[in-house]
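# Structural description and commentary
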Amino acid sequence: MITTGIQLAYLSSAALFVMALRSLGQPTTARRGMQMAAFGMLVAVCATLVDQRIVSYEWLIVGLVAGGIVGYPLGMWVPMTAMPQRIAFSHAFGALAATFVGVGEYLHGLHAETLSHGQTLALSFEIFLGSLTVTGSLMAFGKLQGILPGAPITFRGQNLFNLSLFAVGLASLVWLVATPYDVTFFMVILVIGTLVGILMVLPIGGADMPVIVSLLNSYAGLAAVATGFALDNNILIVVGALDGASGFILSMAMSKAMNRSFANVLFGAFGSESGGADEGAS
Amino acid sequence: MTPTVIIQLFVFLLAGFVGFQTITRIPPLLHTPLMAATNAISGISLVASLVLAGSNQGLFSTILGTIAVGCATANVVGGFLITDRMLAMFKPAKLEAKESVA
């Protein structure tokens, strides 16, 4: 009975999110769209709180209160000019949550010996995308805030290095799915995700950064999708997919609005190792 | 693959298409607010964090879960607040924007 109620609440929350995204696309209804999204989030959270898997509430309250205290100044006191870096910073928070959930669920499955191949696949994707988004967002934040040099950074053999890193990650993924209880490879994927996040943002110039922030948003959504598959939770799949797809489209639209080709932003410094100079000029 | 996984894949595919469709052709004016809003929406991992933190799966999982709840809440609260602030600022420009779109 409670389970049905939760699922119905999730369904209405999903509907709210879809309508919210639709309204957010028009200037006249954008604000109402945002309120709908916030309400949808509230419905989803309240429905989750009555889930029977949740047995103790002390830590939840601690986490919620602490998050609220951190989130309020992040929302209210940051100057409007610092918007892109604040969004990047906020991404790092959200993705960190997804990564921790992935690690926690994996460890739980490891001890309870309940890991299936499919669940391991979902969890690996989750921690890979999650950790990638954490470091990528922190890099973007650093570059926009001026903590790190804003110019694109390239080095000799960057392509080769990235590709081999990617290959190692893929191999570990296959191996981990085949033998879900091999913790080493889980850690390898986590580390590679962290490195890929850094390497992905290194060659991107400061002016192109909003596109990357939006793309990282899309990855955070996909991490939520992976969580949904791992936990059998439909609201995570729906909202994560909405976020993933809209984030991707948005980053394409943004690069178009800046008169830059999307591939150029992504691979501008990747493509030709000597071509980093003209990227720096933009 | 179990039937549940198949259904979940369908759900994922369809929701992805909806995401693509709703966002195409939005005016550049709304790019940044939309980015902030989708950032807040990606805090949906709060749902998963709540389950992890509350389900007593051992001390380490509870600690991880609590940190995750805190981070995701900060993301959600901050994200929605800032989107609202941004959109509230647009109010005078809203009519102009409407005319240029129409």
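Residues numbered from 1 in each chain as written. Chains lettered and ligands numbered in written order. Predicted model: local features only at pLDDT ≥ 70, side-chain atom pairs only at ≥ 80, totals over all residues. Heavy atoms only, no water.

- As annotated in an unreviewed UniProt entry, chain B carries the name proton-translocating NAD(P)(+) transhydrogenase and comes from Pseudohoeflea suaedae.
- Taken from UniProt, the Function (unreviewed entry) comment for chain B reads in full: "The transhydrogenation between NADH and NADP is coupled to respiration and ATP hydrolysis and functions as a proton pump across the membrane."
- According to its UniProt record, chain B has this under Subcellular location (unreviewed entry): "Cell inner membrane". (UniProt positions renumbered as here; feature names shortened; annotations may be inferred.)

### Some words on the pattern of salt bridges
- The final tally for this structure, using the stated rule, is two salt bridges over all chains.
- Here Arg-31 of chain A and Asp-84 of chain B are joined by a salt bridge, their closest N and O atoms 2.9 Å apart. Placement of the pair is Arg-31 of chain A in helix α2 (residues 30-49) and Asp-84 of chain B in helix α4 (residues 59-89), with the two residues belonging to separate chains.
- Arg-31 of chain A sits in the partly exposed class, given a relative accessible area of 25%.
- A salt bridge links Arg-53 of chain A to Asp-51 of chain A; the shortest N-O distance between them is 3.3 Å. (Salt bridge = Lys/Arg side-chain N within 4 Å of Asp/Glu carboxyl O. Helix = DSSP H or I, 4+ residues; strand = E, 2+ residues; numbered from the N terminus. Buried < 20%, exposed > 50% of the residue type's maximum accessible area, 1.4 Å probe, protein only.)

### Points about the packing of aromatic side chains
Residue and element names in this part refer to chain A.
- Applying the stated criterion across every chain, the model contains six aromatic pairs over all chains.
- Here Phe-89 and Phe-93 contribute two aromatic rings whose centre-to-centre distance is 5.4 Å and whose plane-to-plane angle is 80°, an arrangement assigned as edge-to-face. In this pair, Phe-89 and Phe-93 are both assigned in helix α4 (residues 83-112), four residues apart and thus about one turn of the helix distant.
- Judged by relative accessible area, Phe-89 falls into the partly exposed class, the value being 28%. (Phe/Tyr/Trp six-rings, centres within 6.5 Å; stacked < 30°, edge-to-face > 60°.)

### Remarks on the nonpolar core
- Counting residues in hydrophobic clusters, the biggest one holds 108 residues, and the most contacted among them are Phe-17, Leu-24 and Ile-235 of chain A together with Ile-44 of chain B.
- With 12 residues, helix α8 (residues 209-231) of chain A is the largest single contributor of residues to this core. (Core = buried A, V, L, I, M, F, W, Y, C linked by side-chain atoms within 4.5 Å.)

### Comments concerning the UniProt feature "transmembrane region" (unreviewed entry) in chain B
- Annotation from UniProt places "transmembrane region" (unreviewed entry) at residues 6-24, 36-53 and 59-82 of chain B.
- Measuring from the first to the last C-alpha atom of residues 36-53 of chain B gives 26 Å, for a span that is 83% helix and 0% strand.

### Some details on the environment of Leu-11 of chain A
- The residue Leu-11 of chain A is located in helix α1 (residues 2-24) in this model.
- Through-space distance from the C-alpha of Leu-11 of chain A to that of Asn-217 of chain A is 23 Å; in sequence the pair is 206 residues apart.

### Section: the interface of chain B and chain A
- The interface is formed by 77 residues belonging to chain B together with 90 residues belonging to chain A.
- Across the chain B/chain A interface, buried area totals approximately 7,100 Å², and carbon plus sulfur atoms make up 78% of it.
- Considering only the side of chain B, the residues that lose the most area to chain A are Met-35, Ile-44 and Arg-85 of chain B, jointly responsible for 10% of the buried surface there.
- Counting across the chain B and chain A interface gives one salt bridge.
- Summed over the shared surface of chain B and chain A, the result is 11 residue pairs in polar contact (both at pLDDT 80 or more).
- With 28 residues, the single largest contributor to the side of chain B that touches chain A is α4 of chain B.
- Taken together, the residues of the side of chain B that touches chain A sort by class into 45 nonpolar, 27 polar and five charged. (Contact = heavy atoms within 4.5 Å. Buried area = accessible area lost by both parts, 1.4 Å probe. Polar contact = N/O pair within 3.5 Å; in protein donor to acceptor, adjacent residues only side chain to side chain. Nonpolar A, V, L, I, M, F, W, Y, C, P; charged D, E, K, R; others polar.)

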